[in-house]
Amino acid sequence: MAYTFLLYHIVIRPKGCEPVIQEKSEKLLYAYIWGICKEKKCLLHRINGMPDHVHMLVEIHPSITVSDFVREVKISTNSWMKQHQQEFPDFDSWGKAYCALTYSKQDMDRIKDYISNQKKHHETVSLRDEYEQLLKEFNIEPDQWLMMD
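Predicted, not measured: the structure shown is a model, and the values here were computed from it.

A. Geometry of the overall build of the protein chain. Broken down by element type, the protein chain carries 5 helices and 4 strands. Moving toward the C terminus, one meets the helices and strands of the protein chain in the order β-α-β-β-α-β-α-α-α. C-alpha extents for the protein chain along the principal axes are approximately 45 × 35 × 25 Å. Contacts spanning at least 24 positions in sequence make up 71% of the contacts within the protein chain whose residues lie at least 6 apart. Of the roughly 8400 Å² of accessible surface on the protein chain, 50% is carried by carbon and sulfur atoms. Distance between charge centres in the protein chain, computed from 19 positive and 22 negative side chains, equals 4 Å.

Spelled out as structure tokens, the structure:
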């Protein structure tokens, strides 16, 4: 038996960082992602976002890699959002890049609060600045991922 605790803070964004996730429809998207997590035996602790990105705090089951998990979320939600075009009329696709950072159980409450407070946080901080802060915390040199698709 394997004993694991694989906690990831994952951020995905629509292609071109376009603000295509309307607040009135975001809960539908989040519920759909929760279903994907459940199907993959992953535990979604928190999900929230803005029109131009989505944050997830998720324990990933050891049977799936983080890249496979993100790919599955993007592929499944891409199809689903296109089938629900009335709720997501401007959605085209997800951007290629994503951010996945690992945290310890001791960080969980702090990251859950951070994700819960996205609307307030982004009153003063842009997506680009937010990413640069997150990457800096892990000594990762930011590139131009925000503009690449």
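B. Fine view of helix H3 (residues 108-116). For H3, every residue scored as buried is listed here: Met108, Ile111, Lys112 and Ile115. Relative to the axis of H3, the buried residues are bounded by an arc of 100° and lie together on one face.

C. A look at the packing of helix H1 (residues 26-39) against helix H2 (residues 66-83). Taken N-terminus to C-terminus, the directions of H1 and H2 make an angle of 135°; their axes are 10 Å apart at the nearest point. On the basis of their axis angle, the class for H1 and H2 is oblique. Once H1 is placed against H2, the crossing between them reads as right-handed. Contacts between H1 and H2 involve Leu28, Leu29, Tyr32, Ile33, Ile36 and Cys37 from the former and Phe69, Glu72, Val73, Ser76, Thr77, Trp80 and Met81 from the latter. Its residues assigned to classes, the contact of H1 with H2 comprises 10 nonpolar, 2 polar and 1 charged.

D. Here's a closer look at the sheet that holds strand E3 (residues 53-59). As summarised here, the arrangement of the 4 strands in space is E2-E3-E1-E4, forming an open sheet in which the pairing is antiparallel. In the strand order of this sheet, the two ends are held by strand E2 (43-50) and strand E4 (99-103), each with one partner. Sheet twist, expressed as the average angle between the axes of neighbouring strands with direction ignored, equals 15°. Of the strands in this sheet, E2 and E3 touch H1, which is tilted by about 155° from E2.

E. The arrangement of the side chain of His122 in detail. By the secondary structure assignment, His122 is in the loop between helix H4 (118-121) and helix H5 (127-137). Taking relative accessible area as the criterion, His122 reaches 14% and is therefore assigned buried. A distance of 2.7 Å separates the side chain of His122 from the backbone oxygen of Val125, its partner in a polar contact. With residues near it in sequence (within four places) discarded, His122 still touches Met50, His53, Leu127 and Glu130.

F. Highlighting the pattern of salt bridges. Overall, the coordinates contain 4 salt bridges when judged by the stated rule. Overlapping salt bridges, with partners in common, bring together Asp107, Arg110 and Glu137 in one network.

G. Focus on H5. Listed in full, the buried residues belonging to H5 are Leu127, Glu130, Tyr131, Leu134 and Leu135. Taken around the axis of H5, the buried residues stretch over an arc of 125°, which confines them to a single face. Where the residues of H5 are buried, they touch strand E1 (7-12), E3, E4, H3 and H4. Immediately downstream of H5, the backbone of Asn139 shows phi near 55°, a positive value.

Rules used throughout
Residues numbered from 1 in each chain as written. Predicted model: local features only at pLDDT ≥ 70, side-chain atom pairs only at ≥ 80, totals over all residues. Heavy atoms only, no water. Helix = DSSP H or I, 4+ residues; strand = E, 2+ residues; numbered from the N terminus. Contact = heavy atoms within 4.5 Å. Areas by Shrake-Rupley, 256 points an atom, 1.4 Å probe, with all protein chains shown as cover. Lys, Arg positive; Asp, Glu negative; His and termini not counted. Charge placed at Lys NZ, Arg CZ, Asp CG, Glu CD. Buried < 20%, exposed > 50% of the residue type's maximum accessible area, 1.4 Å probe, protein only. Arc of directions from axis to C-beta. Axes fitted to C-alpha atoms, helices over the stretch in contact; angles between N-to-C directions. Parallel < 35°, antiparallel > 145°, perpendicular 65-115°, else oblique. Left-handed = near helix turned anticlockwise from the far one by under 90°. Nonpolar A, V, L, I, M, F, W, Y, C, P; charged D, E, K, R; others polar. Pairing = 2+ DSSP bridges. Polar contact = N/O pair within 3.5 Å; in protein donor to acceptor, adjacent residues only side chain to side chain. Salt bridge = Lys/Arg side-chain N within 4 Å of Asp/Glu carboxyl O.

Honestly, it's all geometry; don't read function into it.
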